[in-house]
Amino acid sequence: MYHVRIERRALKKLAKIPEPHYAHIKAAILALARQPRPLGYKKLKGRDGYRIRVTDYRIIYEIRDDILFIEVIDLGHRKDIYDR
């Protein structure tokens, strides 16, 4: 099982997301500990990491298989998340 860490920036964004999206996103993040590459995950182009979709939101994360570690880097609405 992987250890999941959420960066402070992602935690702040998560706290602002309304229900029921908040619960779905939280469950998806916790599920990454068991399955870091769930159905529908994608490798990002142009930057390190992967993304998963949860309704209209995206979770951006990195996987370190050598130490069984996942770091959630960012999350947000699909229209805003890729503007970096």
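All of these numbers come straight from a predicted model, not from anything done at the bench.

Rules used throughout
Residues numbered from 1 in each chain as written. Predicted model: local features only at pLDDT ≥ 70, side-chain atom pairs only at ≥ 80, totals over all residues. Heavy atoms only, no water. Helix = DSSP H or I, 4+ residues; strand = E, 2+ residues; numbered from the N terminus. Rg over C-alpha atoms; globule rule 2.2 N^0.38 Å. Buried < 20%, exposed > 50% of the residue type's maximum accessible area, 1.4 Å probe, protein only. Lys, Arg positive; Asp, Glu negative; His and termini not counted. Charge placed at Lys NZ, Arg CZ, Asp CG, Glu CD. Contact = heavy atoms within 4.5 Å. Core = buried A, V, L, I, M, F, W, Y, C linked by side-chain atoms within 4.5 Å.

1. Structural notes on the overall build of the chain
No. 1: The secondary structure content of the chain amounts to 2 helices and 5 strands.
No. 2: Taken from N to C terminus, the helices and strands of the chain fall in the order β-α-α-β-β-β-β.
No. 3: Against the compact-globule benchmark of 12 Å for 84 residues, the chain has a radius of gyration of 12 Å, which places it among compact chains.
No. 4: Counting only C-alpha atoms and orienting by the principal axes, one finds that the chain spans roughly 35 × 25 × 25 Å.
No. 5: The burial tally for the chain puts 37% of its 84 residues in the buried class.
No. 6: Charge-centre separation for the chain: the mean point of 20 positive side chains lies 3 Å from the mean point of 11 negative side chains.

2. Side note on the environment of Pro 38
No. 1: Secondary-structure assignment places Pro 38 in the loop between helix 2 (21-31) and strand 2 (42-43).
No. 2: In this structure, the C-alpha to C-alpha distance between Pro 38 and His 77, residues 39 residues apart in sequence, is 19 Å.
No. 3: Beyond its immediate stretch of four places on either side in the chain, Pro 38 contacts Leu 32, Ile 52 and Tyr 61.

3. With respect to the nonpolar core
No. 1: Within the largest apolar cluster, 18 residues are counted, with the highest numbers of intra-cluster contacts made by Ile 25, Ile 59, Tyr 61 and Leu 75.
No. 2: Elements that contribute at least two residues to this core include exactly helix 1 (8-15), helix 2, strand 3 (50-54), strand 4 (57-64) and strand 5 (69-77).
No. 3: The residues touching Leu 75, leaving out its near neighbours within four places in the chain, are Ala 10, Lys 13, Leu 14, Ile 17, Ile 25, Ile 29, Arg 58, Ile 59 and Ile 81.

So yeah, pure geometry; function would need other evidence.
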